[in-house]
Amino acid sequence: MVIAIFGENCTGKSTLAEKLKVEFDGEIYTGKDYLRLAKSAFEAEKIFKEKLCAAADAKAAAGEAIGGGNIIYIISEKIHLDLLPEKCFKILVTAELSVIKQRFAARMRGNLPPPVEAMLEKNHGAFDNEAHNFHYENAENYADLILKIRGTYAN
């Protein structure tokens, strides 16, 4: 099974991925982590796409939804959505702009420079129109997410 978690920076994607890793025994990749799979970027991308397709297809073919071999891919750049196989569970993670700014400032030792703030404002909502199976807004709907993933792969 492949679970794609995508959205803007500081929306909670990594925190969610860690929870899902425990729940579904998955291996986490973030952004360009796949580049470590080979010496050239082209070859690494090719290997990663094959790995994603194998993880997606193996579970579907075997009728197994949950178990080893699952991949959780965290995406914060839209270009990486193109790497996803057709058979994957896509989770859009969003947060209010004020929350994103607060979290980003915390990463920068409490200081959010005006150019960074402007970038966050410009990019806010960039993923909102992307196709997804579940919209994760906060930890309150985590149980619903787990049920939806299990239900999707139970058939």
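The following refers to the structure shown. As the structure is a prediction and not an experimental result, all values here were calculated from the model.

Some details on the packing of helix α1 (residues 13–24) against helix α5 (residues 142–154)
Running from N to C, α1 and α5 point in directions that differ by 45°, and their axes come no closer than 12 Å. Of the possible angle classes, the one that applies to α1 and α5 is oblique. You can see that α1 and α5 cross each other, and the crossing is right-handed. On the side of α1, the interface is formed by Leu-16, Lys-19, Leu-20, Glu-23 and Phe-24, while α5 contributes Tyr-142, Leu-145, Ile-146, Ile-149 and Arg-150. Across the contact of α1 with α5, the residue classes break down as seven nonpolar, no polar and three charged.

Remarks on helix α3 (residues 97–107)
Looking only at α3, the buried set comprises Ile-100, Lys-101, Phe-104 and Ala-105. Along α3, the residues classed as buried sweep out an arc of 130° about the axis, all on the same side. Turned more than 90 degrees away from the buried face of α3, the exposed residues are Ser-98, Gln-102 and Ala-106. One or two steps after α3, the chain reaches Arg-109, where phi turns positive at roughly 60°.

What to know about the side chain of Asn-70
Along the chain, Asn-70 turns up in strand β3 (residues 70–75). By relative accessible area, which is 3% here, Asn-70 ends up buried. Within the structure, Asn-70 has its side chain in polar contact with the backbone oxygen of Phe-24 (distance 2.6 Å).

A word on the pairing of strand β1 (residues 2–6)
Of all five residues in β1, five are buried, a share of seventy percent or more. Burial of β1 is two-sided: the residues Val-2, Ala-4 and Phe-6 facing one way and the residues Ile-3 and Ile-5 facing the other way are all buried. Across five bridges, the pairing between β1 and β3 is parallel. In the sheet register, Phe-6 faces β3, and the bridge partner there is Ile-75. Taken together, the four bridges between β1 and strand β4 (residues 89–93) define a ladder with parallel strand orientation.

Some remarks on the pattern of salt bridges
By the definition in use, this model includes seven salt bridges. Across the pair Lys-101 and Glu-117 runs a salt bridge, and its minimum N-O distance is 3.0 Å. Within this pair, whereas Lys-101 is found in helix α3, its partner Glu-117 is found in helix α4 (residues 114–123), the two being separated by 16 residues in sequence. With relative accessibility at 16%, the residue Lys-101 sits in the buried group. Taken together, the shared-partner salt bridges connect Lys-101, Glu-117 and Glu-121 into one network.

Calculation criteria
Residues numbered from 1 in each chain as written. Predicted model: local features only at pLDDT ≥ 70, side-chain atom pairs only at ≥ 80, totals over all residues. Heavy atoms only, no water. Axes fitted to C-alpha atoms, helices over the stretch in contact; angles between N-to-C directions. Helix = DSSP H or I, 4+ residues; strand = E, 2+ residues; numbered from the N terminus. Parallel < 35°, antiparallel > 145°, perpendicular 65-115°, else oblique. Left-handed = near helix turned anticlockwise from the far one by under 90°. Contact = heavy atoms within 4.5 Å. Nonpolar A, V, L, I, M, F, W, Y, C, P; charged D, E, K, R; others polar. Buried < 20%, exposed > 50% of the residue type's maximum accessible area, 1.4 Å probe, protein only. Arc of directions from axis to C-beta. Polar contact = N/O pair within 3.5 Å; in protein donor to acceptor, adjacent residues only side chain to side chain. Pairing = 2+ DSSP bridges. Salt bridge = Lys/Arg side-chain N within 4 Å of Asp/Glu carboxyl O.

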